[in-house]
Amino acid sequence: MPTLLKPLLAAAISGLFAIAGLTALAQQTTLPPADRILARAIFQQLIETNTSHSVGSTTVAAEEMRKRLLDAGFSAEDVVVLGPDDRHGNLVARYHGVAGSTKKPMLIICHLDVVEAKREDWTTDPFQFVEKDGYFYGRGTQDIKESDAASIVSFIRLKREGYVPDRDIILALTAGEEGGEDNGVAWLLQTHRAMIEGEFALNADAGGLTTHDAKPLELGVEATEKLYADFELTATNPGGHSSVPTKDNAIYHVADALGRIERYTFPFELNDVTRAYFVAMAKVVGGQQAADMRAITGAAPSVVGEARLSEDPHYNSTMRTTCVATEMTAGHAPNALPQSAVANVNCRILPGHTPAEVRAKLRELIADPKVEVTLDISVASDSKEDDMSITPPPLNKEVFDALRDVTAEMFPGTPIIPEMETGASDSKLTMAAGIPSYGFSGMGVDDDDDRAHGKDERIRVEAFYTGVQFDYLYLKRLTGGK
Ligand SMILES: [Zn+2]
């Protein structure tokens, strides 16, 4: 745009805002200058405190944030640092609600630890907070120190205003999400359950605002999870010379088993989250797909609509448990009968079902005693026979009402999409403990700029400040404030 036009346009826009009485709203959706400085300082402090598993310490970061809250007027008994050892500390802070509130506290969880980062892999020092070309760079700028910072800033701002929420707000900034054996959420649930007991939990480490060229596309809310399970299909055989083949062949046994799995489709099943997902998506997509989505979410789900939607791999995986062959090793020489054949079948299991149940189904399908089906319980897979992710309760109305309000103010027109993901965040722990958990934040990340766990991790400067303001507005709206 010609530079001359810019001031004119700005004047016209501010005129419009004044006419519509929107000036106050425009101000409210922007982080005030003094709080930008505060947010930046806290973010920098967190990025420059190494909290990786190998050499870092979440205790140091937790203590720094504790001091920030104490300086803001929180009392010492409401802000504690605790953990299994001196390097895996967790911060638990309680913001007291109105006296005599009948509402159970709400919980916010967010991890303080970060994935390892090597200086030589990065363009900048991963543990230096660098502002460059409109971005903040550093390990943890996307995952997930930007949201740790936002929570601390919100607590400080609300305290400064003398704000009293309609219930207690518990904030837990935790250790060990990215690795190691000292997961802070698991440890707190086991050893200090009462301290973090909430009616529901919010977790910025799942779901979130997706943008393209900084423009909001959608706000995903992770509200349930599929389970991950690897099954090994194994057949063995004495083998022999391939010039005199026998009928019994390890490769054929496993190949036949895989064929049966390929031809099987797990039953269609929706829960409250995936139903809400399709209802929301029906407003985003058009035409036949939208009609099919409406047809499968009604009282009598349309079989035809379900079949058509199943042709899309993403929609298909949202409607059912899936199992697919992913690896295979077999035989030992081109001129020998195979002594063994092993295939890996990777399953993503709908909430409310167990790996044991899926294994029984696979055995029934294969119906061949020569093929063994075992659940892989190695560290990489880490699933157990009786694991079960909880079938989600109805979506919490308060959580979503506040989200709709604040999203409409800050990102007008952006759809809110409830999502089912695969157990990748600490929400799997709180959900398993019976605390309904919702994953989202207002920190926009471009759809082609996901750098969590990668090199040169970064977040747009303005996306960070916007996300900090979103966090504050949301927390206030959710707890009875305006
Ligand atoms: Zn994370």
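Residues numbered from 1 in each chain as written. Predicted model: local features only at pLDDT ≥ 70, side-chain atom pairs only at ≥ 80, totals over all residues. Heavy atoms only, no water.

Caption draft 1: The arrangement of the overall build of the chain in detail. A count of helical and extended segments in the chain gives 15 helices and 18 strands. Relative to a compact globule of 482 residues, whose C-alpha radius of gyration would be 23 Å, the chain shows 26 Å and is just as compact. Along the first, second and third principal axes, the C-alpha atoms of the chain reach 85 × 55 × 55 Å. For the chain, the residues scored as buried account for 49% of the 482 residues in total. By sequence separation, contacts in the chain at least 24 residues apart represent 78% of the contacts at least 6 residues apart. Here the chain displays about 22,000 Å² of accessible surface, and carbon together with sulfur accounts for 56% of that area. Counting 46 positive and 70 negative side-chain charges, the chain places the centres of these two groups 4 Å from one another. (Helix = DSSP H or I, 4+ residues; strand = E, 2+ residues; numbered from the N terminus. Rg over C-alpha atoms; globule rule 2.2 N^0.38 Å. Buried < 20%, exposed > 50% of the residue type's maximum accessible area, 1.4 Å probe, protein only. Contact = heavy atoms within 4.5 Å. Areas by Shrake-Rupley, 256 points an atom, 1.4 Å probe, with all protein chains shown as cover. Lys, Arg positive; Asp, Glu negative; His and termini not counted. Charge placed at Lys NZ, Arg CZ, Asp CG, Glu CD.)

Caption draft 2: Region of the structure containing the state of the cysteines. According to the stated counting rule, one finds one disulfide in the structure shown. Here C323 is linked by a disulfide to C347, with a sulfur-sulfur distance of 2.2 Å. The sign of the 115 degrees torsion about the S-S bond sets the C323-C347 disulfide as right-handed. Linking C323 in strand β11 (residues 322–330) with C347 in strand β13 (residues 340–349), this pair joins segments that are 24 residues apart in sequence. As far as burial versus exposure is concerned, C323 and C347 are alike and both buried. (Disulfide = S-S within 2.5 Å.)

Caption draft 3: View of empty space enclosed by the protein. Counted according to the given criterion, the structure contains four cavities of 30 Å³ or more. Approximately 220 Å³ is the volume found for the largest cavity. Around the largest cavity, the lining is made up of 19 residues, and of these L202, A204, F440, S441 and D471 lie nearest the centre. For the lining of the largest cavity, the secondary-structure elements that each account for two or more residues are β3 (106–111), α5 (145–161), β7 (201–203) and α15 (461–478). Sorting elements by how many residues they give to the lining of the largest cavity places α15 first, with five residues. Of the residues assigned to the lining of the largest cavity, the class counts are twelve nonpolar, six polar and one charged. Here the second largest cavity is characterised by a volume of approximately 70 Å³. (1 Å grid on protein atoms, 1.4 Å probe; cavity = no way out; pocket = protein on both sides within 12 Å on 5 of 7 lines; lining within 4 Å. Points joined across faces, edges and corners; volume = space filled by probe spheres on them. Nonpolar A, V, L, I, M, F, W, Y, C, P; charged D, E, K, R; others polar.)

Caption draft 4: Examining the coordination of the zinc ion more closely. At this site the zinc ion is bound by H111 (NE2), D143 (OD), D205 (OD) and D205 (OD), with donor distances of 1.9 to 2.5 Å. For the zinc ion, the four donor atoms are set out with angles of 54 to 144 degrees between them, so the coordination reads as irregular. (Donors = N, O, S within 2.8 Å, 3.2 Å for Na, K, Ca; no water. Tetrahedral: all angles 85-135°; square planar, octahedral: opposite > 155°, others 65-115°.)

Caption draft 5: Geometry of the side chain of T414. As for its placement among the helices and strands, T414 is situated in the loop between α13 (397–410) and β15 (416–422). One polar contact links the side chain of T414 to the main-chain carbonyl oxygen of F411, over a distance of 2.8 Å. Those residues within four positions of T414 in sequence are excluded, and the remaining contacts are L209, P216, L217, E218, L219 and T407. (Polar contact = N/O pair within 3.5 Å; in protein donor to acceptor, adjacent residues only side chain to side chain.)

Caption draft 6: Structural context of the sheet that holds strand β4 (residues 130–132). Strands sit in the order β4-β5-β18 across an open sheet of three strands; the sheet is antiparallel. Single-partner strands in this sheet number two, and they are β4 and β18 (458–460). Sheet twist, expressed as the mean angle between neighbouring strand axes with direction ignored, is 25 degrees. (Pairing = 2+ DSSP bridges. Axes fitted to C-alpha atoms, helices over the stretch in contact; angles between N-to-C directions.)

Keep in mind these values describe shape, not function.
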